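The lines below spell out each chain.
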Amino acid sequence: MGTRYISALLIALSISLNLSAQKKSKGPIIKEYGAVWAIEQPDFKVDTTKTFRAVFDIMNSPESHDKVNASIETAARFLNMHAQSGVPAENLKAALVVHNQASKDIISDTAYQKRYGTANPNSELIKALQHAGVDIIFCGQSSNARGFPKEDLMEGVQLSLSAMTALIHLQDQEYRLIKF
C-alpha cells in the first residue's frame, strides 16, 4: 500500500510540474494584454493563410471602476493567439462594438476621472488595440441613454447610429460575430 501511495504521489507531482511549467504568453501583437496558452499539435488546425475577421459584441463591464474589461481583452487574446499560431498580422481584422454597461469603458481618462474618481483602466488596452488596427465602435443609442456624449469618448472611437447597425454592417463585410 505504501509503494502505491508513493507512486501515485510521484505521478501527481510530475503532472503538476508539467502543468505549472506551461505558461500563458502575451504578444506579439498586443504586448501588455491578451495572454494565451500555446496549444501544441491541435487536432483542429489553424489555417494560417485565411483572413480572420471578428467583431466582438461588448456589452458587459465589471462593476469595479478600476478593473480592465475582460470582454475587451478578448480582442487582444484573439490577435495574440492567432499571431502566435502563425497567422500574419495583416490577416487579422477585428472590431469592437461597444454598448450597454460597457459604455463607460471607452471614455477618456478625463471623463472617467470626473465620473468615477480614477483613470479609465481600459485606456492602455484600447490604445493598443487601436494601434493594432482594431476599430472601436460605440453605440449612439447607448451614448444618449447612458449619458456618454461623443466628446467624452477616447480618441479614435467611432460613434455609430446603434450597436445593431454596426453589427449588421460588419457582418455584411464578412466579420464573424464573437459574443461572450
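Right above here is the structure, for reference.
Computed from a predicted model, the values in this text were never measured in an experiment.

## Description of helix 6 (residues 163-172)
The α-helix winds at 3.6 residues per turn, so residues separated by three or four positions along the chain end up facing the same way.
Reasoning step 1: Of all the residues in helix 6, the buried ones are Ala163, Ala166, Leu167 and Leu170. Along helix 6, the residues classed as buried sweep out an arc of 100° about the axis, all on the same side. Seen from the open side of helix 6, the exposed residues pointing more than 90 degrees away from its buried face are Met164, Ile168 and Asp172.
Reasoning step 2: If you follow the buried residues of helix 6, they end up packed against strand 1 (52-58), strand 2 (92-98), strand 3 (135-139), strand 4 (158-160) and strand 5 (176-178).
Reasoning step 3: Regarding helix 6, its N-cap is Ser162, as a side-chain oxygen of that residue lies 3.4 Å from the backbone nitrogen of Met164 further along.

## Considerations on the layout of surface pockets
Reasoning step 1: When its volume is computed, the largest pocket comes out at roughly 500 Å³.
Reasoning step 2: In terms of lining residues, the largest pocket is bounded by 17 residues, among which Ile39, Pro42, Val46, Met81 and Ser85 are the most central.
Reasoning step 3: Element by element, the count of residues in the lining of the largest pocket is highest for helix 2 (residues 70-84), at three residues.
Reasoning step 4: Broken down by class, the residue content of the lining of the largest pocket amounts to ten nonpolar, three polar and four charged.
Reasoning step 5: The calculated volume of the second largest pocket comes to roughly 180 Å³.
Reasoning step 6: As for the second largest pocket, its lining consists of Lys50, Thr51, Phe52, Arg53, Ala54, Phe78, Glu174, Arg176 and Ile178.
Reasoning step 7: Among the secondary structure elements, those contributing two or more residues to the lining of the second largest pocket are strand 1 and strand 5.
Reasoning step 8: No other element matches the three residues that strand 1 contributes to the lining of the second largest pocket.
Reasoning step 9: Among the residues forming the lining of the second largest pocket, the class breakdown is four nonpolar, one polar and four charged.

## Examining empty space enclosed by the protein
Reasoning step 1: Summed over all chains, the structure comprises one cavity of 30 Å³ or more.
Reasoning step 2: The volume enclosed by the largest cavity comes to roughly 70 Å³.
Reasoning step 3: Taken together, Phe56, Asp57, Ile58, Met59, Asn60, Ser71, Thr74, Ile178, Lys179 and Phe180 make up the full set of residues lining the largest cavity.
Reasoning step 4: Sorting the residues of the lining of the largest cavity by element identifies strand 1 and helix 2 as the ones contributing at least two each.
Reasoning step 5: Of all the elements, strand 1 adds the most residues to the lining of the largest cavity, at three residues.
Reasoning step 6: When its residues are assigned to classes, the lining of the largest cavity shows five nonpolar, three polar and two charged.

## Details of the side chain of Asn91
Reasoning step 1: Here Asn91 is to be found in the loop between helix 2 and strand 2.
Reasoning step 2: Asn91 sits in the buried class, given a relative accessible area of 14%.

## Quick notes on the sheet that holds strand 5
Consider a sheet: its strands pair through backbone hydrogen bonds, and that pairing is either parallel or antiparallel.
Reasoning step 1: Sheet architecture is open: five strands sit in the order 4-3-2-1-5, paired in parallel fashion. Edge positions in the sheet fall to strand 4 and strand 5, since each has one partner strand and no second. Geometrically, the sheet is characterised by an average inter-axis angle of 30° between neighbouring strands, direction not taken into account.
Reasoning step 2: Bridge count between strand 3 and strand 4: three bridges; the pairing is parallel. Residue pairing for strand 4: Ile137 is matched across the bridge by Gln158.
Reasoning step 3: On top of the sheet, helix 6 reaches strand 1, strand 2, strand 3, strand 4 and strand 5; it is set at about 165° to strand 2, its chief contact.

Calculation notes
Residues numbered from 1 in each chain as written. Predicted model: local features only at pLDDT ≥ 70, side-chain atom pairs only at ≥ 80, totals over all residues. Heavy atoms only, no water. Buried < 20%, exposed > 50% of the residue type's maximum accessible area, 1.4 Å probe, protein only. Helix = DSSP H or I, 4+ residues; strand = E, 2+ residues; numbered from the N terminus. Arc of directions from axis to C-beta. Contact = heavy atoms within 4.5 Å. Polar contact = N/O pair within 3.5 Å; in protein donor to acceptor, adjacent residues only side chain to side chain. 1 Å grid on protein atoms, 1.4 Å probe; cavity = no way out; pocket = protein on both sides within 12 Å on 5 of 7 lines; lining within 4 Å. Points joined across faces, edges and corners; volume = space filled by probe spheres on them. Nonpolar A, V, L, I, M, F, W, Y, C, P; charged D, E, K, R; others polar. Pairing = 2+ DSSP bridges. Axes fitted to C-alpha atoms, helices over the stretch in contact; angles between N-to-C directions.

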